[in-house]
Amino acid sequence: MKRIALGVQYVGTAWNGYQKQPARDTVQDQLEIALEKFACTPVATTCAGRTDAGVHAIEQVVHFDTDLSRAMQSWVRGVNAFLPDSIVVRWAAEVPPDAQGNEFHARFSARSRTYRYVLYNNPNPSALLANRAGWVFRPLDVERMRQGARHLIGTHDFSSFRASGCQAKSPVKDMHEVSIERHGDLIVFTVRASAFLHHMVRNIVGALIYVGVGRNEPGWIEHVLDSRDRDAAAPTFMPDGLYLAKIEYDPKWGLPQEKGAPLPWL
């Protein structure tokens, strides 16, 4: 058996999240249907991190095991032939065990995960960015949001930013980066951590927006974090502008991951 890793990109608007559902209306459902059609046998996949309904991925990473001998490019072009336009396999790579005999695992081998949230900040919505970016019509102060974001860096209990249905064993995560950049009317939040809780990024973005519009001071973010109380934070922000951007792995695995994003603001 060989372990194959895939880099998968998708627009999540039409799908009920990543993880398989009985209605077979998710990204994983569509990917496994396409893999089965190409391989002529069922193929079970494991992903680096599940995404919610409406959330997109610049580069999701999945793995599966197979005894088929196919060229890696065949796994790309062959599977894409059976996928809808909103889901694309960008690369495929065979990943043998390392020198110690450890197997690659899309989820457990990941060192960190990076999400980006694209926000359109303009008095009027944009038809061109519908379902691809969040929208706030009130002016946002990026510097105030940056000040608030500094409180999130480090190892913390992120219970205040955790969905009630989150199944993670621990709310404690290592936050490596929360950066905020403005590109005209677009504001891009980049959030990188060891792992994320359910709705964590959208809840963080919602809280930072409260700071950006002047509803709360930057120090309020520290209060919310320390309270470990979901009710102390802002409501969960819309999923439209959220992108799973990158999964970081040890270079020893040799994955042909993409170095740049497909859009200049990502």
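Predicted, not measured: the structure shown is a model, and the values here were computed from it.

Q: Is there a simple way to think about the overall build of the protein in this case?
A: The number of helices and strands found in the protein is five helices and ten strands. A compact globule built from 266 residues should have a C-alpha radius of gyration of about 18 Å, and the protein, at 19 Å, falls within 12% of that. Considering only C-alpha atoms, the protein reaches an extent of 60 × 45 × 35 Å along its principal axes. For the protein, with 266 residues in total, the buried portion stands at 53%. Here the contacts in the protein between residues at least 6 apart in sequence split such that 71% fall between residues at least 24 apart. Within the protein, the 28 negative side-chain charges are centred at a point lying 1 Å from the centre of the 30 positive side-chain charges.

Q: Explain the nonpolar core to me, please; I cannot follow it from the model alone.
A: Nonpolar side chains in soluble globular proteins tend to end up buried together. With 78 residues, the main nonpolar core has Leu6, Leu31, Phe161 and Tyr249 as its most contacted residues. If one sorts the elements of this core by residue count, helix 4 (residues 200-212) sits on top with nine residues. Filtering out sequence-adjacent residues up to four positions away, Tyr249 remains in contact with Ala48, Val61, Phe104, His105, Ala106, Ser109, Ala110, Arg111, Leu255 and Gln257. Counting residues in hydrophobic clusters, the runner-up holds nine residues, among them Tyr120, Leu129, Tyr243 and Leu266.

Q: Teacher, can you tell me more about the UniProt feature "active site" (unreviewed entry) in the protein here?
A: When the UniProt feature table is mapped onto this chain numbering, "active site" (unreviewed entry) sits at Asp52. Among the structural elements, Asp52 can be located in the loop between strand 2 (46-47) and strand 3 (56-66). Not counting residues up to four positions away in its chain, the partners in contact with Asp52 are Gly17, His198, His199 and Arg202. Within polar-contact distance, the side chain of Asp52 engages the side chain of His198 at 3.0 Å.

Q: What's the story with the packing of aromatic side chains in this structure? I'm lost.
A: In this description, an aromatic ring pair is defined by two values, namely the gap between the centres and the angle between the planes. Taken as a whole and judged by the stated rule, the model has ten aromatic pairs. Ring plane angle 65° and centroid distance 5.5 Å describe the contact between Phe104 and Trp253, whose orientation is recorded as edge-to-face. Taken together, the residues span a long stretch of sequence, with Phe104 in the loop between strand 4 (87-94) and strand 5 (112-121) and Trp253 in the segment after strand 10 (242-248) at a distance of 149 residues. Residue classification places Phe104 among the buried positions, given a relative accessible area of 0%. Clustering of aromatic rings is evident, with ring pairs tying together Phe38, Phe64 and Trp75. Above the ring of Phe38, the side-chain terminus of Arg70 is found at 4.8 Å from the ring centroid.

Q: Looking at this structure, how should I read the environment of Ala163?
A: Mapped onto the secondary structure, Ala163 falls in the loop between strand 7 (154-157) and strand 8 (172-183). For Ala163, a relative accessible area of 13% translates into the label buried. As for Ala163 and Ala92, which are separated by 71 residues in sequence, their C-alpha atoms are 33 Å apart. If near-sequence neighbours (up to four positions away) are discounted, Ala163 is found in contact with His198, His199 and Asn203.

Q: Just to check I follow, could you spell out the environment of Ala71 for this structure?
A: With respect to the element layout, Ala71 can be found in the loop between strand 3 and helix 2 (72-80). Counting along the chain gives 156 residues from Ala71 to Ser227, while the straight-line C-alpha distance between them is 53 Å.

Q: Hey, could you run me through the side chain of Asp29 in this one?
A: Within the secondary structure, Asp29 sits in helix 1 (residues 27-39). In this structure Asp29 is buried but unpaired, with Arg24 as the nearest side chain of opposite charge at 4.4 Å. Those residues in contact with Asp29 that lie beyond four places of it in its chain are Lys20, Gln21 and Arg24.

Q: Looking at this model, I keep getting lost on the UniProt feature "binding site: substrate" (unreviewed entry) in the protein. Mind explaining?
A: According to UniProt, the feature "binding site: substrate" (unreviewed entry) maps to Tyr115 in the numbering used here. Here Tyr115 shows up in strand 5. The exposure class assigned to Tyr115 is buried, which follows from its relative accessible area of 9%. Apart from residues lying up to four places away in sequence, Tyr115 is in contact with Arg50, Thr51, Phe189, Thr190, Val191, Phe196, Val201, Leu242, Tyr243, Leu244 and Ala245.

What counts and what doesn't
- Residues numbered from 1 in each chain as written.
- Predicted model: local features only at pLDDT ≥ 70, side-chain atom pairs only at ≥ 80, totals over all residues.
- Heavy atoms only, no water.
- Helix = DSSP H or I, 4+ residues; strand = E, 2+ residues; numbered from the N terminus.
- Rg over C-alpha atoms; globule rule 2.2 N^0.38 Å.
- Buried < 20%, exposed > 50% of the residue type's maximum accessible area, 1.4 Å probe, protein only.
- Contact = heavy atoms within 4.5 Å.
- Lys, Arg positive; Asp, Glu negative; His and termini not counted.
- Charge placed at Lys NZ, Arg CZ, Asp CG, Glu CD.
- Core = buried A, V, L, I, M, F, W, Y, C linked by side-chain atoms within 4.5 Å.
- UniProt positions renumbered as here; feature names shortened; annotations may be inferred.
- Polar contact = N/O pair within 3.5 Å; in protein donor to acceptor, adjacent residues only side chain to side chain.
- Phe/Tyr/Trp six-rings, centres within 6.5 Å; stacked < 30°, edge-to-face > 60°.
- Lys NZ or Arg CZ within 6 Å of the ring centre and 35° of its normal.
- Salt bridge = Lys/Arg side-chain N within 4 Å of Asp/Glu carboxyl O.

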